[in-house]
Structures are given as structure tokens and as C-alpha cells.
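Observations on the three-dimensional arrangement
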Amino acid sequence: MSRVVVVGGGPAGLTVASLIRDRDVLVYEEHPRFGEPRHCTSIVGLYTASFFAKLLTPRVVKRGYKRFLFHTRLGSYLVEFSREVAFYLERPLLEEKLADKASRLGHSLQTGVRAKPLDTYSVRAGDGIVRFDRLVVADGSTSEFFRFFNGRRREYLYGLQALVEHEEGEDAIHVEYGVGGALFSWFVPIGDGLGLAGYLTERHVGDPGSAVKKVLGVAGVKYRRLLGFFGGVVVKPGQLSRPHIRGRVFFTGDALGLVKPFTYGGLYYVARLARVLVESLENPATYEREVKRLARLNSLERGFSGIGVPEIAPPILKVVSSSGLFNPIDYDEHFRLLLKSAASPLLVYLTLFKSVA
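What comes next concerns the included structure. (Residues numbered from 1 in each chain as written. Predicted model: local features only at pLDDT ≥ 70, side-chain atom pairs only at ≥ 80, totals over all residues. Heavy atoms only, no water.)

Examining the side chain of Thr57
How we decide: Put simply, DSSP marks the helices as runs of H or I at least four residues long and the strands as runs of E at least two long, and each gets a number from the N terminus on. Exposure classes here rest on a 1.4 Å probe applied to the protein chains alone. A residue is buried below 20% of its type maximum, exposed above 50%, and partly exposed in between. In this analysis, two residues are considered to be in contact whenever any of their non-hydrogen atoms come within 4.5 Å of each other.
One can find Thr57 in the loop between α2 (46–55) and β4 (61–65). By relative accessible area, which is 15% here, Thr57 ends up buried. In this structure Thr57 touches Phe52 and Lys97, once residues within four positions along its chain are discounted.

In C-alpha cells, the structure reads:
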């Protein structure tokens, strides 16, 4: 039986492991528990939520959202959809269920073991050398394997957020663009009087507590206390790894580097690519084609995000929503939203003109 080594026990690595059958799979996770360290907000679209709900259990999807309040320098916009379009994934339940599924398939999952790259045939895991037939690299944004096989380092953004106890009644996701020096910031109510408030920047913030309080102030959220901070680095969009190395080493998740340029999330690509990767372990060209297809669409979205679209996205979204053109899949596939906005340029222009005026 051929051996597949998976480096990284986050959603990307565990999803692939949970889909592999008829192979000997070894998963190495450097942290003592799956799901650590916590750094993701875990807000996803309908496609991603449905994928994990069907693969595991509907319980991993804790709640959905259909109201969004955008705060920009052009004004504030409330966008309300007729149905839920964004969803909060329960972490670490997601990783726990993925690990259980992989274990039930007979795979070996080892925590507290750091794997390091050696070549396209073996890795160093702990004090030993482990050979493999295929290697799946899912060791996150700061991937050591990316640097080893691609010969370069990536540039990063810095995200930090706090678990917040707030007054009940808040049901909208708040998104802030161009406020307080952050690329964007957010507040997400997750239930039971708790929420997540955070921000993404190009450099570290000296006083994260004050920064989070400023986010809550702009959102108008009445909070009682900050219960704890967590965060991490995010790959800058546009720094893609090769999908595979000689058909033996495959990249996925943040190690691959496909990141949404508007929301900076990567779980959508995990959901899109996991089955394709597993089916391509003997035919890597299939995986490479799909990665390149998604990368082309991602590049289109990055082009729009680079010309100030995040600032004007809320009025565009409001127009598309009110015209009945919005589909829940647009939350994940932003290029669809961009094409729809182009279908009604006059409406978009009038909305922007009114905002500026």
C-alpha cells in the first residue's frame, strides 16, 4: 500500500486525509492539539459551509448571516439579503470531526510532531526520517515547505481579533474599510452574547486592545469586556506555490497560497480542491489545471481589489442585491459579483454619486 504523508493538521491537511482511501496516511501536526493555534474567524460562504456540513455533520455550521453593515469613508451601508449567505464554522469542532473521520479510515494522526522537508522522497518527523510516495503540504501561511521547494519567502499581513462579550441583539456582520489604518476590520456576533472583533493590517499594532475597542466603537457595538486575543499572519494574495513538485509533493490550504483578496480567507479553496487533490495523486496534471483555473479567477478579483473596489464594494453589493441578481455563491466567488455589477453600471454610478454627494 502506498504511503501518503500529510504535513499540517489544520482544516486543509485533515480534509485531504479524511478523503483518502486505500492508502497508508500519516498526518503530522506540530502543535499538541488539532485546531491550534486559533487564528481564523471562520466565516465562509454557502459552498464551503455545505461542503463541510455534508462531509462531517451540520453541527460544524453554528449559524448563518443575512445582514451586513459596511462602514466606509463614503458612508455606511446596510445590505440585507433574503436568505443567509455567510456562515460561522464552529472551531475547533471542525478539526475534531475531520480528525475523527481520518482516524476511522485507519490513518495515523500524530500531534506534537514537527515535520521538516528533506527532498521529494522523505521528511524528517521528530527524530526520524519518514519516506513517502506522496506528500501533501498543508503547514499553513508560514510554510517551511513552501520556502524549501520554491526557494523564496512570502510577504504577510497581520490579523488579530478578540473574543468579545457584548450586549444581546446584534445580528449583523460589521465590516469596516479604511478605518483606523487597517486594511479592513470586522465584528461578527457568534451567539450567546459573544462575538469576534478584529482587524487586518500590513504591520503590527502596538496596542491591540485599543485597536479592537476602536473597531467596536465604529461598529457601534456595546461590549462588556474583551475575553482574550488570538491571531496570526495571512499570506498576501498573489503568492501562489506550484500546485505540485514532480507529481510527488502537493500543496494545499494556506501553504498553496490561494487567498481571497476581499475577505482574505482560504477555506473556500480547501473545499474546492480537496477532492481534486486526492483524485490527482496519480494524475497531478488534473490538480494543476484546477489550481490554475481558480488562480486566474483569483487574479481577476485581485485586479479589482487593487483599484479601490473594497471602498466602493458596499454600494455595488447593495445595488446587485436590490436588483435580485445576487446569488449566495457570490460570497465565495467574487468574480461573479464583479460581472453582475458591470451589468448595471448606471445603477452603480447613481448610487456612488448619491454617496459622495
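We are not done yet, so read on.
Things to note about the sheet that holds strand β15 (residues 184–191)
Remark on secondary structure: sheet strands pair via backbone hydrogen bonds, oriented parallel or antiparallel. Put simply, the rule reads: One requirement defines pairing of two strands: DSSP has to find at least two bridges between them. Axis definition: a line fitted to C-alpha atoms, limited for helices to the stretch in contact. Angles are taken between N-to-C directions and run from 0 to 180 degrees.
Reading across from one edge, β6-β5-β14-β15-β16-β13-β17 is the order of the seven strands in this open sheet, with mixed pairing throughout. Looking at which strands have only one partner, the edges of the open sheet turn out to be β6 (75–80) and β17 (223–235). Averaged over all adjacent pairs, the angle separating strand axes in this sheet is 15 degrees, with direction ignored. In terms of strand pairing, strand β5 (residues 67–72) meets strand β14 (residues 173–177) through four bridges, oriented parallel.

Points about the packing of helix α1 (residues 11–19) against helix α3 (residues 93–104)
Under the convention used in this document: Should an angle fall under 35 degrees it is called roughly parallel, over 145 degrees roughly antiparallel, and 65 to 115 degrees roughly perpendicular, with every other angle called oblique. Left-handed describes a crossing whose near helix is turned anticlockwise from the far helix through less than a right angle; right-handed describes the clockwise counterpart. When residue character is reported, Ala, Val, Leu, Ile, Met, Phe, Trp, Tyr, Cys and Pro are called nonpolar, Asp, Glu, Lys and Arg charged, and the others, Gly included, polar.
Viewed as axis vectors pointing N to C, α1 and α3 meet at an angle of 30 degrees, and their least axial separation amounts to 8 Å. Considering their axes alone, α1 and α3 lie roughly parallel with respect to each other. The two elements α1 and α3 cross, and the hand of that crossing is left-handed. Here Pro11, Leu14, Thr15, Ala17 and Ser18 of α1 come into contact with α3, specifically with Leu94, Glu95, Leu98, Ala99, Lys101 and Ala102. When grouped by side-chain class, the residues that make up the contact of α1 with α3 number seven nonpolar, two polar and two charged.

Topic: the pairing of strand β7 (residues 86–89)
Residues Ala86 and Tyr88 of β7 are buried on one face, and the alternating residues Phe87 and Leu89, pointing to the opposite face, are buried as well. Both strand β3 (residues 43–45) and β7 contribute to a ladder of three bridges, which runs antiparallel. Bridging across to β7, Val44 finds its partner in Phe87. Two elements, β4 and β7, share four bridges in a ladder whose sense is antiparallel. Note on β7: the bridge partner recorded for Gly64 is Phe87.

A few points about the packing of aromatic side chains
Selection criterion: Two rings from Phe, Tyr or Trp (for Trp, the six-membered ring) form a pair when their centres sit within 6.5 Å of each other. Planes less than 30 degrees apart are called stacked, planes more than 60 degrees apart edge-to-face, and all others tilted. In this analysis the charged atom, NZ for Lys or CZ for Arg, is taken to sit over a ring once it is within 6 Å of the ring centre and within 35 degrees of the ring normal.
According to the stated counting rule, one finds 10 aromatic pairs in the structure shown. Between Phe68 and Phe81, the aromatic rings sit 5.9 Å apart at their centres with planes inclined by 80 degrees, giving edge-to-face as the arrangement. Highlighted residues: Phe68 in strand β5 and Phe81 in the loop between β6 and β7, separated in sequence by 13 residues. Residue Phe81 is classed as buried on the basis of its relative accessible area, which comes to 6%. Ring centres of Phe148 and Phe149 lie 4.9 Å apart, and the angle between their planes is 85 degrees; on these two criteria the pair is classed as edge-to-face. The class for Phe148 is partly exposed, based on a relative accessible area of 41%. The class of Phe149 is buried, set by a relative accessible area of 12%. Counting every residue linked through ring pairs, the aromatic cluster contains Tyr47, Tyr268 and Tyr269. For the cation-ring pair, Arg154 lies above Phe146, with the distance from its terminal atom to the ring centre recorded as 3.6 Å. Between Arg272 and the ring centre of Tyr47, over which it is positioned, the NZ or CZ distance is 3.9 Å.

Comments concerning the sheet that holds β7
A sheet is described by the order of its strands in space; here three strands give the open sequence β3-β7-β4, paired in antiparallel fashion. Looking along the sheet, the strands with just one partner apiece sit at the ends: β3 and β4. Averaged over neighbouring strand pairs, the angle between their axes works out to 35 degrees when direction is ignored. With respect to the sheet, α2 is in contact with β3, β4 and β7, its orientation differing from that of β3 by roughly 95 degrees.

A short note on α3
Note the threshold: Under the convention used throughout, the expected extent of a helix is 1.5 Å for every residue step, that is, one less than its residue count.
Along its 12 residues, α3 runs 16 Å from first to last C-alpha, staying within 8% of the 16 Å computed at 1.5 Å per residue. Leu93, Leu94, Glu95, Leu98, Ala99, Lys101 and Ala102 are the residues of α3 that are buried. Residue Gly106 follows α3 closely and has a positive phi angle near 90 degrees.

Points about the pairing of β15
Within β15, seven of the eight residues are buried, which leaves it mostly tucked inside the rest of the structure. With four bridges joining them, β14 and β15 adopt antiparallel strand pairing. Across the sheet, Tyr177 pairs through a bridge with Phe184, a residue of β15. Two elements, β15 and strand β16 (residues 194–201), share seven bridges in a ladder whose sense is antiparallel. Along β16, the bridge assignment pairs Phe187 with Ala197.

From the geometry alone we can't say anything about function, so treat these as descriptive.
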